[in-house]
Amino acid sequence: MSARKDGGPMELGESIRNPGFKEAADGGSASSVSGSERRRSSAVKLDADADAQEYTQVKPYAGMPKEVLLLHSSKARYRVPREILFWLIVCCTLALVAVTITIIAMSPPCLRWWQITPVYQVYPRSFRDSDGDGVGDLKGIKEKLDHFLDLNIKAVWISPFYRSPMKDFGYDVEDFRDIDPLFGNMKDFEELLAEMHNKGLRLIMDFIPNHTSDRHRWFNLSRTRDPHYEDYYVWTDCDPASPKPNNWVSIFGNSSWTYDEVRGQCYLHQFLKEQPDLNLRNPDVVQEIKDLIIFWLEKGVDGFRMDAVKHMLEAAHLRDEPQVDPDLPPELVTTEWDLYHDYTTSQVGLHDMLREFRAEMDTYSREPGRYRFMVTESYDYEEVEKTMMYYGTPLVKESDFPFNFYLLDLPHNTSGWWAKHLVDLWMSNMPRGQWPNWVVGNHDRSRIGSSAGRIYVRAINLMLLTLPGTPTTYYGEEIGMENINITQSEVQDPAGKYNVSLSRDPERSPMQWNDEMNAGFNSITNITWLPVHPDYEKVNVEVQMQDKGSVLSQYRFLNALRQSELPFLRGWFCYVLADTDVFSYLRELDGHKEAYLVVINFGKASTTTDLSAIQELPEQLSVLMSTNPANDGKVFQKSRVQTEPGEGLVIRYSTYTRFHPSHPAECYVSEKACYLETIGILYKC
């Protein structure tokens, strides 16, 4: 309500219809009309058709009341553009939602962290000694975390550091919930884990579900027949004078049974007698193992390497295993190679148990970005189909992958045919859609530089990092470390104490960081638990970081290439050629213009390879990288690709013509994907 000049009230409706507000339209003033006439005119109109009168104001004006604004907004000139804009926004929003849903539906699943990065194995006794006692420790690993970042490696598997009598260097666990003082304490572990996570690194722990140390609390309670722990281990009656309930033998040789005077029975140990086997047919023992897994998951570890899983269950009937040589006198059956292990490995129920462990880990994988990884270790040799069972089924997941040890046999026959055979042994047996992996060295096998020869180290690293799947690198392989020579008096490994030729000490020598005292492994005292290799002045991290043509520099280049180029992580893997000397394959991705040809000479002579029969390859091939730096950038005719012994080539070429459609039997892919180059996205195809 507003006031008139004479003090009387004037209604809002009168103001709205007041023709005096039309000065903008008239260009003049309402003052020419006398006030009294104006009031009489307004009164007449309000009385006559107050409810029917239309507002005729042409233009909006500043400060107009809500009612005026509403009258303007209903006019077509304002309503139509507004409605057009509204429906345009609705349509664009729906289109954006539809495109987003389509992209999500058509996109392949994102790769997990363990698929993108190589896994680096640290043997803690030999990696870095921080306190000068001659043995590596957790603080030493923490000091060297930047080395993994330099390698562009984000997953680190650390061999056992639990409290242990060290009869088998940590694989004989006295307390699964504690750190051995040799390596530090729980605070050191927690600080190491926190610093790893701060740097974007993942920690994979070694876990040993098959056995414990004979000093473990469970074993001591079991041998005294504590009601709860009595059946925690595998016990049976036996003759104290000849403790052999059957002919089963230990991995380390001789009978796998030992008589215990306290209990008056024999216990089973498939490894050392100080490593009694747990009775995993006892539900209480299985629950104990789950509780241990949960304990470390609560600490924040990112995954487990499950050790010796094929030994977890034994046949309850305890019958003799069949001999490989039936004519061999039973008393001469003393090694694992003398028997077919029908009753001590890969028993029914094993995979169900591992799937239970997997289920516990999956409950901790629900947090975004915190997937918990599980890999199993099982040497099944020629029985590769048994190894493949650890992948699980299409409906029930088990391990993310079982370790693939077949490339460890590469030194047995360095040739192109043999390399292809070992690769294909895995690829042709791997269940469809699963993820492969490759191992060329570990703490149980001779270093590849010693077993295959120094000349092949670079080529084997090249193959490791360009094959499909996850590569695993044993510490020191990135710089080409070799085995050390040890004498009988220097033997530390329990296996070597029985037979020095079986010792695993040569491949466990201290890591070579620089050319200073003890190769930088122990810079405080002149003590090392095993001798340092005498070549450490030239073969070490510091020297090779400065040399662009070194083993280390090539490893870093290849790993960066693997992680940055889609054909290596997502693309097809296709065999191109294998002969006496050369193994060749390519990596390609549908829709991606660039593809990569790998040519490796595993022979003992210079070779010229003719690839002219491969129509999908261009006539000229340019070398992106050679293990012989002098050949970087060289251009070959595809009919004359030259390589020296131990030389590997990565050749990059551009074409949209793909090899795999016309050679389906020679090609593999874990999950098919295509690349849309115009907008740079992957999609299912």
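Use the structure listed above.
Remember, it's a predicted structure, so these values are computed and weren't measured experimentally.

## A look at the state of the cysteines
Item 1. All chains considered together, the criterion is met by three disulfides.
Item 2. Linked covalently through their sulfurs, Cys674 and Cys685 form a disulfide whose S-S length is 1.9 Å. One quick way to see it: the torsion about the S-S bond of Cys674 and Cys685 is about 85°, and its sign makes the bridge right-handed. One end of the pair, Cys674, is in strand 25 (residues 674-676); the other, Cys685, is in the segment after strand 26 (681-683), and eleven residues separate them in sequence.
Item 3. What makes Cys685 partly exposed here is its relative accessible area of 40%.
Item 4. Cysteine pairing in the protein follows 1-2, 3-4, 5-6, where each cysteine in a disulfide is numbered by its order in the sequence.
Item 5. Among the cysteines around Cys91, which has no disulfide bond, Cys92 carries the closest sulfur, lying 7.0 Å off.
Item 6. Exposure remark for Cys92: the relative accessible area of 47% places this residue in the partly exposed category.

## So, the sheet that holds strand 20 (residues 620-626)
Item 1. Spatially, the seven strands line up as an open sheet ordered 21-20-23-18-17-16-24, and their pairing is antiparallel. Edge positions in the sheet fall to strand 21 (635-637) and strand 24 (667-668), since each has one partner strand and no second.
Item 2. Across six bridges, strand 17 (residues 582-588) lies against strand 18 (residues 594-601) in antiparallel orientation. Bridging across to strand 18, Ser584 finds its partner in Val599.
Item 3. Across the face of the sheet, helix 15 (residues 416-427) comes into contact with strand 16 (572-578), strand 17 and strand 24 while running at roughly 150° to strand 16.

## Some remarks on the side chain of Gln347
Item 1. You can see Gln347 is positioned in the loop between strand 11 (303-306) and helix 13 (350-362).
Item 2. Gln347 sits in the buried class, given a relative accessible area of 13%.
Item 3. Only 2.8 Å separates the side chain of Gln347 from the backbone oxygen of Asp342, close enough to count as a polar contact.
Item 4. Those residues in contact with Gln347, other than ones at most four positions away along the chain, are Arg281, Leu313, Glu314, Ala315 and Asp342.

## With respect to the pairing of strand 10 (residues 265-268)
Item 1. Neither face of strand 10 is left uncovered, since the one carrying Gln265 and Tyr267 and the one carrying Cys266 and Leu268 both have all their residues buried.
Item 2. Relative to strand 10, strand 8 (residues 235-236) is paired through two bridges, and the arrangement is antiparallel. Residue Trp235 lies in a different strand from strand 10, and its bridge partner there is Tyr267.
Item 3. Between strand 9 (residues 257-260) and strand 10, which pair antiparallel and follow one another directly, the connecting turn spans four residues, one of which, Gly264, has a positive phi of 80°.

## Considering the nonpolar core
Item 1. By size, the foremost hydrophobic cluster in this structure holds 132 residues, and its most contacted members are Phe189, Phe304, Val423 and Met463.
Item 2. If we ignore the near neighbours within four places in the chain, the residues touching Phe189 are Leu138, Phe161, Ile179, Leu203, Met205, Trp296, Lys299 and Val301.
Item 3. Membership of the second largest hydrophobic core comes to 20 residues, among which are Leu617, Phe636, Val641 and Tyr653.

Cut-offs used in this document
- Residues numbered from 1 in each chain as written.
- Predicted model: local features only at pLDDT ≥ 70, side-chain atom pairs only at ≥ 80, totals over all residues.
- Heavy atoms only, no water.
- Disulfide = S-S within 2.5 Å.
- Helix = DSSP H or I, 4+ residues; strand = E, 2+ residues; numbered from the N terminus.
- Buried < 20%, exposed > 50% of the residue type's maximum accessible area, 1.4 Å probe, protein only.
- Pairing = 2+ DSSP bridges.
- Contact = heavy atoms within 4.5 Å.
- Axes fitted to C-alpha atoms, helices over the stretch in contact; angles between N-to-C directions.
- Polar contact = N/O pair within 3.5 Å; in protein donor to acceptor, adjacent residues only side chain to side chain.
- Core = buried A, V, L, I, M, F, W, Y, C linked by side-chain atoms within 4.5 Å.

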